[in-house]
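A closer look at the structure
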2 protein chains.
Amino acid sequence: MDLNLDLVDELRAALPHEGVLTDPDLLRSYEHDEADLVPFGTPAVVVRPKTTGQVAAVLRAASRYKVPVIPQGARSGLAGGANAIDGAIVLSLIGMNEIIDIDPLNRIAVVQPGVVNAQLRRAVAEQGLYYPPDPGSWELSTIGGNVSTDAGGMCCVKYGVTSDHVIGLEVVLASGEVLHCGRRTAKGVAGYDLTSLFVGSEGTLGVITEITVKLRPAPEPALTLVAVFNTFAAAGAAVSAIATSDLQPSLLEVIDRVALSAIEAYRPMDLPTTSAALLIASVDSGTRAPDDLALISTMCHDAGAADVFVATDAAEADALLTARRLAHPALERFAAQLFPQGGGVMVDDVAVPRTRLVELIEGIERIATEHGIVVATVGHAGDGNLHPIIVIDRSDPVSMAQGQKVFDAIMSLCLSLGGTSTGEHGVGLLKRDWLAREIGPTGLKAHRSIKAALDPDNILNPGKVF
Amino acid sequence: MDLNLDLVDELRAALPHEGVLTDPDLLRSYEHDEADLVPFGTPAVVVRPKTTGQVAAVLRAASRYKVPVIPQGARSGLAGGANAIDGAIVLSLIGMNEIIDIDPLNRIAVVQPGVVNAQLRRAVAEQGLYYPPDPGSWELSTIGGNVSTDAGGMCCVKYGVTSDHVIGLEVVLASGEVLHCGRRTAKGVAGYDLTSLFVGSEGTLGVITEITVKLRPAPEPALTLVAVFNTFAAAGAAVSAIATSDLQPSLLEVIDRVALSAIEAYRPMDLPTTSAALLIASVDSGTRAPDDLALISTMCHDAGAADVFVATDAAEADALLTARRLAHPALERFAAQLFPQGGGVMVDDVAVPRTRLVELIEGIERIATEHGIVVATVGHAGDGNLHPIIVIDRSDPVSMAQGQKVFDAIMSLCLSLGGTSTGEHGVGLLKRDWLAREIGPTGLKAHRSIKAALDPDNILNPGKVF
């Protein structure tokens with residue numbers, strides 16, 4: 001793709017020298033996120049603005065030349081939402097990484113989009129506050145990326161996802177105009193909820209340059225247990241029982257046998273790799289926590305748990321959660337060892353009503369068996385949100401085709417159970433066809449009309465989501 | 001306004017006989033909501049559909065004839081959002097009042113828009129569940145109206161407003177197409193958050209015909225106290241201390257002296273009418289509730305409370321909340337007695353960050369004094385959300401002008417404190433000019449482009465919000 005030199009000149013005039021990259025070697029590292037098996041291109045130029053004004057200048061130039069703009073954070077996404085297309089401007093927000101304000105009394109924080117999730121969590125924790133959304137990528141992913149995909153995490157079963165915590169945004173529109181939406185107050189209904197419209201819009205409606213989030217008081221210390229099951233479905237039944245009870249676990253995660261083995265191989269920690277599934281549950285209900293944990297333990301036993309262990313301390317509980325978070329890299333390693341020629345994984349992300357979890361689990365196992373494909377499943381079971389991770393051999397067209405069939409069959413199953421094909425990772429490129437299927441022609445038309453209203457020349461992350 | 005007979009014929013063909021009203025006496029009762037001093041017109045026809053298909057037929061006909069459609073619920077709104085305009089079709093959703101599903105395990109309910117808030121609350125309570133949003137009008141107002149205005153209430157300080165509980169919608173678009181958005185799962189990010197876009201859009205983007213809400217387990221029994229203050233600002237200081245602490249009151253309401261007197265006159269119940277302000281606080285934190293209430297009591301004393309009483313039982317607490325809910329009718333009566341020629345009230349609805357509450361309270365008192373106007377203030381103080389109720393004499397142009405000045409001055413003050421001019425009642429006609437001021441030209445342009453995208457002929461509640 002030819003470089004538009006006039007455009008690059010304009011970008012150089014608007015940004016500091018180090019903020020405009022055209023070196024092909026550098027450009028290549030901005031091509032894609034962590035999604036495997038999703039197409040991507042090579043950008044013509046990468047810009048790294050430091051201010052909202054610079055973002056606005058980039059968008060004005062892009063609008064004038066009608067060049068696509070791909071907003072990017074840490075590129076840790078799992079749906080290809082931040083993948084470049086040939087000749088585009090990649091707009092990396094990673095340099096806008098300041099925490100602008102933490103207001104402990106009104107319990108809000110204002111941050112730039114490049115602030116890393118863990119950086120915000122630690123900064124507010126120092127003031128006795130809590131920013132709950134905790135995607136697996138939290139040490140790496142940015143708040144801007146979390147907001148753009150409406151990221152979830154382990155805390156969501158009790159505390160909600162990213163969109164439940166964003167109350168205001170500054171957004172640069174395709175035209176370069178700067179829009180402020182939302183508020184700093186606990187309540188407010190002044191006009192359409194544009195804030196929620198931009199959250200989860202994956203960079204297709206505007207570039208988010210400032211984010212106001214609500215914070216909570218620090219939670220009370222959590223107590224954690226691990227239950228070991230001889231069938232994955234039994235673990236699912238325990239989750240359904242817990243999630244539909246009046247208890248409010250602060251975490252309710254599952255890891256199946258394949259994932260357990262891969263994690264143990266990746267980082268040995270004496271996980272019970274012979275069990276069919278592990279359920280990790282935490283409660284942070286203060287003085288009531290021991291009783292709540294005992295009730296959860298009983299529900300696990302009633303659902304057929306072979307064993308239940310209570311974590312002796314926070315360090316042991318943290319080790320378990322760390323294990324859970326390693327599922328993705330561990331399974332990538334597992335795939336590479338299983339298929340040295342080209343092992344890879346397709347990470348799925350589906351959600352069903354909590355009462356349908358067992359049906360989803362049994363269906364995933366049946367689909368994997370039928371297609372002769374290894375599928376490891378981990379997930380935020382308490383939300384009905386699972387991540388089946390499909391292990392494939394990219395060098396083998398048969399394996400690839402079977403993997404795609406499994407991917408599609410799991411999502412069909414999920415929709416038939418009243419679920420959604422997209423739980424918390426975003427639509428990106430990976431789920432684009434599924435979105436169309438899920439929201440139907442009227443939904444698609446509504447999406448397109450809103451996109452056209454805010455980005456009439458379709459320069460913002462074109463081709464993503466729908 | 002002439003009646004378009006072709007249009008009426010089409011409506012009669014699409015709806016049952018009793019669903020199309022053209023009798024002028026009947027039409028008059030559909031002209032306006034509860035907002036005082038806001039303009040309204042007379043509709044040409046009122047339709048009362050029973051099904052989504054009938055709503056779609058009405059909108060197809062309205063689109064073809066380019067006749068405005070004003071969706072209405074119980075007309076209990078306080079911003080003129082449901083006011084008719086001359087010659088329009090009023091689309092009353094009051095007849096679509098079925099609770100379609102209550103799913104206790106997944107904790108969701110699916111309802112038609114005409115279901116009354118209290119009807120839903122009682123139905124889910126029978127299954128041990130809780131639908132928190134509780135606007136003052138809850139015995140009267142509909143879920144459709146609550147959703148359209150993103151109504152708040154007393155529970156919001158702990159449990160959030162209507163938008164925090166709506167997870168899916170069926171909406172008939174201006175074209176008559178039926179859109180389904182949202183989900184029945186705990187999580188889901190499949191596409192733009194159209195659900196949140198329609199919530200609070202006051203009937204300007206589509207007609208909501210089905211609503212899926214999340215439910216919570218029934219809360220634990222609440223303990224309640226009343227603190228009596230010699231200045232309103234001291235009550236505000238107590239609220240700020242409580243709301244910025246780690247306590248989570250389930251209710252935190254204030255009533256000032258004028259409102260107290262009006263309520264006591266309206267329904268005598270031995271309220272302490274000589275005190276400057278009453279603060280009502282509840283906690284529903286289970287075993288911890290007595291300790292939490294004691295802490296709140298201490299904070300009230302520290303802020304200068306003259307006295308603190310703990311409610312002896314739920315009946316006494318309910319009586320206090322009933323008193324609080326009577327503020328609006330009591331002040332209407334008070335106004336009528338003060339100005340027999342034409343007493344009336346302008347109900348304002350402003351919200352500030354919790355830490356600015358005392359400044360707002362002192363400012364309201366100063367503004368009222370400066371303009372020689374009686375202002376009674378009640379509100380959801382824990383959210384920083386107050387309702388200054390401005391008492392005016394409609395028969396006196398000077399009183400009307402002063403009232404308007406007070407109304408405007410309070411909102412200016414509110415914006416200068418980092419607040420919003422619209423807390424929970426919606427924008428409607430009452431706050432239209434203020435919305436434009438608050439969101440600025442870029443915000444207004446974004447609103448207009450979205451409105452045009454979804455309702456290109458501007459037939460849906462035109463002239464409202466912006």
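The structure under discussion appears in the preceding block.
A brief look at the structure comes next. (Residues numbered from 1 in each chain as written. Chains lettered and ligands numbered in written order. Predicted model: local features only at pLDDT ≥ 70, side-chain atom pairs only at ≥ 80, totals over all residues. Heavy atoms only, no water.)

So, about the overall build of chain A. Helices and strands together make up the secondary structure of chain A, namely 15 helices and 19 strands. Taking all 466 residues of chain A together, 62% fall into the buried category. Carbon and sulfur atoms make up 52% of the accessible area of chain A, which amounts to about 16,500 Å² in all. (Helix = DSSP H or I, 4+ residues; strand = E, 2+ residues; numbered from the N terminus. Buried < 20%, exposed > 50% of the residue type's maximum accessible area, 1.4 Å probe, protein only. Areas by Shrake-Rupley, 256 points an atom, 1.4 Å probe, with all protein chains shown as cover.)

All names here are of chain B. With respect to the element layout, His-387 can be found in strand E19 (residues 385–393). A distance of 2.7 Å separates a polar atom in the side chain of His-387 from a polar atom in the side chain of Glu-424. Here His-387 is in contact with Arg-324, Asp-348, Asp-349, Ala-376, Thr-377, Val-378, Gly-379, His-380, Glu-424 and His-425, once residues within four sequence places are set aside. (Polar contact = N/O pair within 3.5 Å; in protein donor to acceptor, adjacent residues only side chain to side chain. Contact = heavy atoms within 4.5 Å.)

Attention shifts here to the pairing of strand E6 (residues 108–111) of chain A. Two faces make up the sheet, and in a regular strand the side chains alternate between them. Residues and elements named next belong to chain A. Along E6, one buried face is formed by Ile-108 and Val-110 and the opposite face, lined by Ala-109 and Val-111, is buried too. With four bridges joining them, strand E5 (residues 99–103) and E6 adopt antiparallel strand pairing. If you follow Ile-102 over to E6, its bridge partner there is Ala-109. Direction of pairing for E6 relative to strand E10 (residues 207–214): antiparallel, over a ladder of four bridges. (Pairing = 2+ DSSP bridges.)

So, about the pattern of salt bridges. Scanning all chains against the criterion turns up 36 salt bridges over all chains. The residue Glu-139 of chain A makes a salt bridge to Arg-122 of chain A at a minimum N-O spacing of 2.9 Å. On the criterion of sequence distance, the pair formed by Glu-139 of chain A in the loop between strand E7 (129–130) and helix H5 (143–149) and Arg-122 of chain A in helix H4 (residues 117–125) is long-range, its members being 17 residues apart. As a salt-bridge pair, Arg-356 of chain B and Glu-359 of chain B come within 2.8 Å of each other at their nearest N and O atoms. The class for Glu-359 of chain B is partly exposed, based on a relative accessible area of 36%. (Salt bridge = Lys/Arg side-chain N within 4 Å of Asp/Glu carboxyl O.)

Turning next to the interface of chain B and chain A. Taken together, the contact between chain B and chain A spans 74 residues of the former and 74 residues of the latter. Interface of chain B and chain A: buried area, both sides summed, is about 5,700 Å²; carbon and sulfur atoms make up 57% of it. Considering only the side of chain B, the residues that lose the most area to chain A are Lys-187, Val-189 and Tyr-192 of chain B, jointly responsible for 17% of the buried surface there. Between Lys-445 of chain B and Glu-177 of chain A there is a salt bridge; the shortest N-O distance is 2.8 Å. Taken together, chain B and chain A are joined by 26 residue pairs in polar contact (both at pLDDT 80 or more). (Buried area = accessible area lost by both parts, 1.4 Å probe.)

Attention now moves to the relation of the copies chain B and chain A. For the pair chain B and chain A, the relating rotation is 180°, the translation along its axis is 0.0 Å, and the fit reaches an RMSD of 0.0 Å. In symmetry terms, the pair is related by a two-fold rotation axis. Most of the interface of chain B is mirrored in chain A: 100% of its interface residues are interface residues there too. (Least-squares fit on C-alpha atoms with pLDDT ≥ 70 in both.)

All chains considered together, the criterion is met by four aromatic pairs over all chains. Taking the centre distance of 5.5 Å and the plane angle of 85° together, the rings of Tyr-192 of chain A and Phe-466 of chain B count as edge-to-face. Taken together, the residues Tyr-192 of chain A in the loop between strand E9 (178–182) and helix H7 (194–198) and Phe-466 of chain B in the segment after helix H15 (432–454) connect one chain to another. Across the pair, exposure class does not vary: Tyr-192 of chain A and Phe-466 of chain B are buried alike. Both rings, one in Tyr-130 of chain B and one in Tyr-159 of chain B, keep their centres 5.3 Å apart while their planes meet at 90°; by these two values the pair is edge-to-face. Of this pair, Tyr-130 of chain B sits in strand E7 (residues 129–130) while Tyr-159 of chain B sits in helix H6 (residues 156–159), and the two are 29 residues apart along the sequence. For the pair formed by Tyr-130 of chain B and Tyr-159 of chain B, the shared burial category is buried. Positioned above the aromatic ring of Tyr-30 of chain A is the side chain of Arg-75 of chain A, whose terminal nitrogen or guanidinium carbon lies 4.7 Å from the ring centre. (Phe/Tyr/Trp six-rings, centres within 6.5 Å; stacked < 30°, edge-to-face > 60°. Lys NZ or Arg CZ within 6 Å of the ring centre and 35° of its normal.)

Next up on the list: the pairing of strand E10 (residues 207–214) of chain B. Residue and element names in this part refer to chain B. The element E10 is extensively covered by neighbouring structure, given that six of its eight residues are classed as buried. In this structure, strand E8 (residues 166–172) lies alongside E10, joined through six bridges in antiparallel fashion. In the sheet register, Leu-169 faces E10, and the bridge partner there is Ile-211.

Turning our attention to the sheet that holds E9 of chain A. Residue and element names in this part refer to chain A. Spatially, E5-E6-E10-E8-E9 is the arrangement adopted by the five strands of the open sheet, whose pairing is antiparallel. A single partner strand is all that each edge strand has here, and the edge strands are E5 and E9. Ignoring strand direction, the axes of neighbouring strands in this sheet form an average angle of 10°. Contacts between helix H3 (residues 52–65) and the sheet are confined to strand E8 (166–172), E9 and E10, with E8 contributing the most and set at about 50° to the helix. (Axes fitted to C-alpha atoms, helices over the stretch in contact; angles between N-to-C directions.)

A separate point is the sheet that holds strand E4 (residues 89–92) of chain A. Residue and element names in this part refer to chain A. With mixed pairing, four strands are arranged side by side in an open sheet as E1-E2-E4-E3. The sheet terminates laterally at strand E1 (20–21) and strand E3 (69–72), the two strands that pair on one side only. Pairing between strand E2 (residues 45–47) and E4: three bridges, direction parallel. The residue bridging Val-45 from the neighbouring strand is Ile-89, located in E4. Those strands touched by H3 are E2, E3 and E4, and its axis lies near 165° from that of E4.

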